[in-house]
Amino acid sequence: MKDLFDRLQTLEDRYEELGELLSDPEVISDTQRFTKLSKEMADLRETVEKYNEYKKVNQTISDDEEMLGEKLDDEMAAMVKDELTIAKNKREKLEDEIKILLLPKDPNDDKNIIMEIRGAAGGDEASLFAADLFNMYAKYAEKQNWTIEVLDKNVTEVGGFKEIALLINGQSVYSKLKYESGAHRVQRVPVTESAGRVHTSTATVVVMPEEEDVEIELDPKDIRVDVYRSSGAGGQHINKTSSAVRMTHLPTGIVVAMQDQRSQQQNREKAMKILKARVYDYYSSKEQHEYDQNRKSAVGTGDRSERIRTYNYPQNRVTDHRIGLTLNKLDRIMNGELEDVIDALVLYDQTKALENLQNE
């Protein structure tokens, strides 16, 4: 525990130093530095507050134990003992909370995300399920006060999505949705099934942190850009101009095609945004795979083929296979009430991370 206290004291010292720096006129005039230091201070705030609370509880325990060593009447001794028990329980709870706060933080946790949802096995039913997943995430995002921008979509004849790419902006989006990558399986009676038989279909979800220019630079020599005429609805405008864009990242073979926007420039910008996210995801997934060869990740966010969750409509049941969680409220979850699932995944991951830390 001594190492823990030393680290907490170092963080508190840094927090106080940041407070002084942020009142320095020279720092205030430097917008970039001021923003960076403000974010660092905000990141430390909860840990420092918990540490100060912990110190107060420790002082209460010390004072109570000292009092019990003195001559007290029975009533006073009973009161002090009760207070001591409460304080020790609180200290234990605070220790657990502080350990969680001190876990290494995923550098992507505060980022916005690009999410891609694709209908997989199951034809039309898979595309309809992909649309259902999109609606589920859209409703969850609304509850979190996030915003969603559709970057690209391929709509099927039955009104589902062969694929859809969206940008989700908001606070700590990646930290909450990073576990959604993988294969999602649905079991239900399709609308087109006249005999009422339950079918199984799948859709895949990929979650990638949005990458800013300063974080990943793509060499223009590594990107081949082709322009062509858009297909589908759009009238005369589409017949006159080559507004669609296809970008190929030559080192990885990753291809992004964009024709959803009216102008070639808009399609270029959105294609580049998706390409950067996919290239970053490609390299970080390789690193994650190498890391997992040495220590299996608790929940796993890299394997796109991993079946992570089943949505069983006849039984109103959702099962997350990675952590053995089953909830009988599919209707509410599809309405965007994902908190119970996401909180359970975060808690499981944190618990495993703590075990790994203690075993090192």
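Here the structure is shown first, and the text comes after it.
What you see is a predicted model, and the numbers here were worked out from it, not measured in a lab.

**Overview of the overall build of the chain**
- The secondary structure content of the chain amounts to ten helices and eleven strands.
- When burial is assessed residue by residue, the chain has 39% of its 360 residues classed as buried.
- A separation threshold of at least 6 residues defines the contact pool for the chain, and within that pool the share at least 24 residues apart is 62%.
- By element, 47% of the accessible surface of the chain is carried by carbon and sulfur atoms, the whole surface being about 20,300 Å².

**Describing a negative patch on the surface**
- Taken together, the side chains of Asp63, Glu66, Glu70 and Glu83 present a region of like negative charge at the surface.
- Residue position: Glu83 is located in helix α4 (residues 74–101).

**Considerations on helix α5 (residues 123–143)**
- The end-to-end C-alpha distance of α5, which contains 21 residues, comes to 31 Å, matching closely the 30 Å that a straight helix rising 1.5 Å per residue would cover.
- For α5, the complete set of buried residues consists of Glu125, Ala126, Ser127, Phe129, Ala130, Ala131, Leu133, Phe134, Met136, Tyr137, Tyr140 and Ala141.
- Directly after α5, the chain includes Asn145, whose backbone phi takes a positive value near 60 degrees.

**As for the pairing of strand β4 (residues 182–188)**
- With respect to burial, β4 is a largely interior element, seven of its seven residues being buried.
- Both β4 and strand β5 (residues 199–209) contribute to a ladder of seven bridges, which runs antiparallel. In the strand pairing of β5, Gln187 is matched with Thr200.
- As defined by bridge partners, β4 adjoins strand β9 (residues 307–312) across five bridges and the pair is classed as parallel. Bridging from a neighbouring strand, His184 pairs with Arg309 of β9.

**Overview of the environment of Arg7**
- Considering the arrangement of structural elements, one finds Arg7 in helix α1 (residues 2–21).
- Residue Arg7 is classed as partly exposed on the basis of its relative accessible area of 43%.
- C-alpha of Arg7 to C-alpha of Leu102: the two residues are 95 residues apart in sequence and 9.0 Å apart in space.

**A few points about helix α3 (residues 31–68)**
- Counted at 1.5 Å a residue, the expected span for α3 with its 38 residues is 56 Å, and the 55 Å between its end C-alpha atoms agrees.
- Turning to α3, its buried residues are Leu37, Met41, Leu44, Thr47, Val48, Lys50, Tyr51, Tyr54, Val57, Ile61 and Asp64.

**Considerations on the nonpolar core**
- Ranked by internal contacts, the top residues of the largest apolar core, which has 36 residues, are Met115, Ile117, Leu133, Tyr137, Leu177 and Tyr311.
- Taken together, the elements giving at least two residues each to this core come down to β1 (113–119), α5, β3 (161–169), α6 (173–177), β5, α9 (330–334) and α10 (339–359).
- For this core, the element with the most residues is α5, which contributes nine residues.
- Beyond its immediate stretch of four places on either side in the chain, Tyr311 contacts Phe129, Leu133, Met136, His184, Arg185, Val186, Gln187, Arg317, Val318, Leu330 and Met334.
- The next biggest cluster of nonpolar side chains, apart from the first, holds 18 residues, and it includes Ala165, Val206, Leu275 and Ala277.

**Quick notes on the pairing of β9**
- With respect to burial, β9 is a largely interior element, five of its six residues being buried.
- In the sheet, β9 pairs with strand β10 (residues 317–320) via four bridges, with the strands oriented antiparallel. Bridge pairing in β10 places Arg309 opposite Asp320.

Definitions and limits used
Residues numbered from 1 in each chain as written. Predicted model: local features only at pLDDT ≥ 70, side-chain atom pairs only at ≥ 80, totals over all residues. Heavy atoms only, no water. Helix = DSSP H or I, 4+ residues; strand = E, 2+ residues; numbered from the N terminus. Buried < 20%, exposed > 50% of the residue type's maximum accessible area, 1.4 Å probe, protein only. Contact = heavy atoms within 4.5 Å. Areas by Shrake-Rupley, 256 points an atom, 1.4 Å probe, with all protein chains shown as cover. Patch = residues over 30% accessible without salt bridge, like charges linked within 9 Å, V, L, I, M, F, W, Y side chains within 5 Å. Salt bridge = Lys/Arg side-chain N within 4 Å of Asp/Glu carboxyl O. Lys, Arg positive; Asp, Glu negative; His and termini not counted. Charge placed at Lys NZ, Arg CZ, Asp CG, Glu CD. Expected span 1.5 Å × (residues − 1). Pairing = 2+ DSSP bridges. Core = buried A, V, L, I, M, F, W, Y, C linked by side-chain atoms within 4.5 Å.

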